[in-house]
Structures are given as structure tokens and as C-alpha cells.
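An overview of the molecular structure
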Amino acid sequence: MKTIREIDAKIRNGSAVVYTAAEFKRLVREGAEVTAADVDVVTTGTCGVMSGTAAILSVPVAAPGEFERAERVWLNGVPCMPGPCPNERLGLVDLIVSGTAHAGAGYGGGHLFRDIVEGREIEVLAEAADRSIETRVTIDDLAYARIFTTRSAYKNYTAYLNTRPTRVTTIFSVTGLEGPCREVSVSGCGEINPLENDPARFAIRDGTPVLLNGSAGLVTGEGTRSTPSRPNLTVIADMAGMQPRYMGGFKTSAGPECITSLGVAIPVLDDRQVAALRVLDEEIPLPVADINTRTVLDTATYADLWQRPDREPTYHPEWCEECSACAAAAICPTGAFDRETGIDRDRCLACTACLAACPNDALEAGEGSIRVRGRKVPITLRQSGRTLAEDLCRDLKEMVLDFRFTFTGGGER
Ligand code: SF4
Ligand code: SF4
């Protein structure tokens, strides 16, 4: 059995063997006999629409003494909750902003968080008892800006379809889930998800260092709806180090949602961990439920989602008929598509919503399908970005190898 200290020493002297989860799974699929002696660290990750995300921001609004207490505050039109510290007469307000708070149908907390991290100017409107104040700030003006999540790395997602003939408005669809059983919406990064790879929690504990949206953070405990069979985590990190491509807003038929990502480096101390790291998409069940009743109708696996080629969309401008209004751009939940400039890979979650929207098939990908009670149902929306999560695993691997990411938060086990 190795220790964390020994792994850190191997990283320092350049002898550590570090794999991303995708690299490790490739070895397993090739039949390699890997033991704890052969691997020191595996980097895992997840990226997708995650409702349980919020920010705590300390925002300068006016000079000290200009108002007594802000009663209501909006950032770029997104309603915020002033408090918990009232900051009387300081001209400063501490705010909690939910990632799912809406400024309108197309802009919400997730969009705001990305705009802050990108360094854009943010419009502030504060209402005090006798006046309202408007100003602008950037992240450089915020003395404190952190994001915390209440359900990160959710391990057991459910795929949803609609068994009824009437379209259902839901956060699991961009335009509403069509029925009966016309389409299925899926989430979850399967075999590279951190908690799938450490179900016994040998490595992931309170205080474990992680990357939240690319920024160094910490696990602070269990998530709000965590159970032994459906675990998830609470995590916090500074917004200053976050990378925009791993976060943002996502439009749904029930309003804007928030994209969040999490990277966890798992130090491999013994063969029990290696056994857990061998889990593959085809072994991870994915329940498929009716969105109306949440009744589980069938069980697929994550291989149905991720073990297919061409899951990234490709744009063929030569097939574009230049419609008067581009339906693909209109439906894109992240604002990643423009028929002139194509797909912005730093914004695209590879959700595949644009495929069906374009009447001329100018966008193409292996959209995949799931069998539900014998019937083949096309996957029309993926609310997790497996390629982005794999990129995050690669970033984390480089950080570990460069000794920019340490395990000291977890201590020696
Ligand atoms: S919907 Fe398709 S064909 Fe029409 S403008 Fe958009 S990309 Fe071109
Ligand atoms: S797959 Fe299409 S709709 Fe989805 S984010 Fe990318 S460009 Fe937008």
C-alpha cells in the first residue's frame, strides 16, 4: 500500500504514473492487468447542467454611507439575495446568487457566472429603502467571489422521456419533451465521473482538493440530496481561477440552467481502488423514466450514451440553405452556434439539440438512441459534456504532473 506522501514524492521527482480516466478505461478495455504498483493517480471529471450551483459575491455598490441597507439587488437583471451580512452603510453588499435564477427566458445565473469569470462588465441595480443605485463592476472589483455547489458529481442520473401525447415543459428539454416516447433526454458522464470511480470514498472526502470549473477548490461535504446509493458532493472554489469553457448558462424550456464541472484526481493507494477504477460505461445502469410520473420504464447503460463515435457535432456550411431565421442557432442552449462562424467549441456542450432543428441536416453527429421497452427512442438532448469533462481530466493530469495540484488537502491515508 502506498501513501499520499509517497505519491507526492513521485510526482516531484517525475516518476509518477498519471492517467486520465479515459486513458485508464482504454487500458481496461484492452485487457491490461493493472495493479496499484502500475498507477499513481487517475484524474476523473464531470461537466454538465447542474442546478445546485450558486455564487457568493461581495459587490461594491456605492461609497460608504450613501445608503443604509440594500433591500433588493440584480446583477445583469438576475435577482440576487442580499445577505447574510447586511453591511449597513458600507456601500457594499454580500449576495447569494442561484445558478438557476432567471433574468428572462435566455439569461440566468449560469450565464452571469460565466460573464463574471470572463471579466465582462456586470450591471448592478440595488434598491434601498429610499433610493435605487445603478453601477457596473467586473470581477476585479469583487473582493470575494466564490461558487459553491450543492450536488456536484451526481452519480446516478435518470434519463427522461414523455409517455403522453402532449409536449412537457421541463428543465430536461430545450423546447419541451415530445411524446408519446418520441425522444429521450440524458445526463451524466458515466465511467469518468469521480464518484463512479471511488464509490467507497477512499479518496473523495471532506477537504479533498478538486477543480471546480477549472479552479482549485475543496469538497466541503455531502450534497443536499446525497444518499449512499445516489451520492453527490458540496464543493467550493474561487471564481478568479475558473475557466469559462467549463461553465455557463444553458437554456431549457423551463428557463435557464447552469453548467458546472468538477475534476478530481484520485491517488491510487491500493488494489481496492484499482478495482473500482475499472468500472466501464457498459456496467453503469441508467434508469429511463417517464417525466410525468418519474416511473422507471427501463434501464439502459452509459454505453448507450458514450460508446458511440461522432458524438461531437460537425457543421457543414455547404449544406446550409441560409434560412431567413436559423432554427439551429435559435435552439442552441449555450449560444454556441452561428451559421456564419459555425460552432464555438468553447461554448458547445455537444448537447446535439441543433441537429434536429436544422431542416437541411447541416449539423451532424452520432446522436444515438436508447431501447425503452423494446422501442428505439432517439437521444435528442445530452445535458452533460463528456468531451469537456475529458478535457478537464487532461488539464488536471497536467497540473498533477507539474505539481500545481497537490493532495495535501486530503492528508495522508
Ligand atoms: S437552420 Fe440549418 S440550413 Fe437553416 S440557416 Fe440554420 S444551419 Fe443553415
Ligand atoms: S451541440 Fe449544437 S445546440 Fe448543442 S451546444 Fe453545441 S452547437 Fe449548441
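Look up a bit, the structure's there.
Now for a look at the structure at hand. Bear in mind that the values here come from a model prediction, so they are computed numbers and not experimental data.

**Points about the overall build of the protein chain**
Within the protein chain, the regular secondary structure consists of nine helices and 26 strands. Against the globule reference of 22 Å for 413 residues, the protein chain gives a C-alpha radius of gyration of 22 Å, in line with a compact fold. Projected onto its principal axes, the C-alpha coordinates of the protein chain cover approximately 70 × 55 × 45 Å. Here the protein chain holds 413 residues, and the buried ones make up 54% of them. In the protein chain, of all internal contacts separated by at least 6 residues, the share reaching a separation of at least 24 is 72%. For the protein chain, the exposed surface amounts to about 17200 Å²; the carbon and sulfur share of it is 49%.

**A word on the site of ligand 2**
The environment of ligand 2 is formed by P313, C332, P333, T334, F337, C348, L349, A350, C351, T352 and C354. Among the residues making up the shell around ligand 2, the classes are represented as nine nonpolar, two polar and no charged.

**Notes on the layout of surface pockets**
Size it by volume and the largest pocket reaches roughly 390 Å³. In this structure, the largest pocket is lined by 16 residues; those nearest its centre are R151, Y154, Y157, F172 and R225. In terms of residue class, the lining of the largest pocket is made up of seven nonpolar, four polar and five charged. Estimated volume of the second largest pocket: approximately 280 Å³. If you go around the second largest pocket, you meet 18 residues; those closest to its centre are T175, E183, I331, A356 and T380. Going through the elements one at a time, helix 8 (353-357) and strand 26 (375-382) are the ones with two or more residues in the lining of the second largest pocket. When residues of the lining of the second largest pocket are assigned to their parent elements, the largest contribution, three residues, is made by helix 8. Residues belonging to the lining of the second largest pocket are distributed by class as follows: eight nonpolar, five polar and five charged.

**What about the side chain of R114?**
Mapped onto the secondary structure, R114 falls in helix 3 (residues 109-117). Owing to a relative accessible area of 6%, R114 belongs among the buried residues under this scheme.

**Regarding the pattern of salt bridges**
Under the definition given, this model contains 26 salt bridges. Across the pair D40 and K2 runs a salt bridge, and its minimum N-O distance is 2.9 Å. Here the residue D40 occupies a position in the loop between helix 2 (21-29) and strand 2 (41-49), and K2 occupies one in the segment before helix 1 (4-12), the gap between them amounting to 38 residues. Residue D40 is classed as buried on the basis of its relative accessible area, which comes to 1%. A relative accessible area of 13% means that K2 is categorised as buried. Close ionic contact of D40 with K10 constitutes a salt bridge, the shortest N to O distance being 3.1 Å. Of the two residues, D40 sits in the loop between helix 2 and strand 2 while K10 sits in helix 1, which places them 30 residues apart along the sequence. Connected through salt bridges with shared partners, the residues R29, E191, D281, E282, R386 and E390 form a single ionic network.

How each quantity is defined
- Residues numbered from 1 in each chain as written.
- Chains lettered and ligands numbered in written order.
- Predicted model: local features only at pLDDT ≥ 70, side-chain atom pairs only at ≥ 80, totals over all residues.
- Heavy atoms only, no water.
- Helix = DSSP H or I, 4+ residues; strand = E, 2+ residues; numbered from the N terminus.
- Rg over C-alpha atoms; globule rule 2.2 N^0.38 Å.
- Buried < 20%, exposed > 50% of the residue type's maximum accessible area, 1.4 Å probe, protein only.
- Contact = heavy atoms within 4.5 Å.
- Areas by Shrake-Rupley, 256 points an atom, 1.4 Å probe, with all protein chains shown as cover.
- Near = heavy atom within 4 Å.
- Nonpolar A, V, L, I, M, F, W, Y, C, P; charged D, E, K, R; others polar.
- 1 Å grid on protein atoms, 1.4 Å probe; cavity = no way out; pocket = protein on both sides within 12 Å on 5 of 7 lines; lining within 4 Å.
- Points joined across faces, edges and corners; volume = space filled by probe spheres on them.
- Salt bridge = Lys/Arg side-chain N within 4 Å of Asp/Glu carboxyl O.

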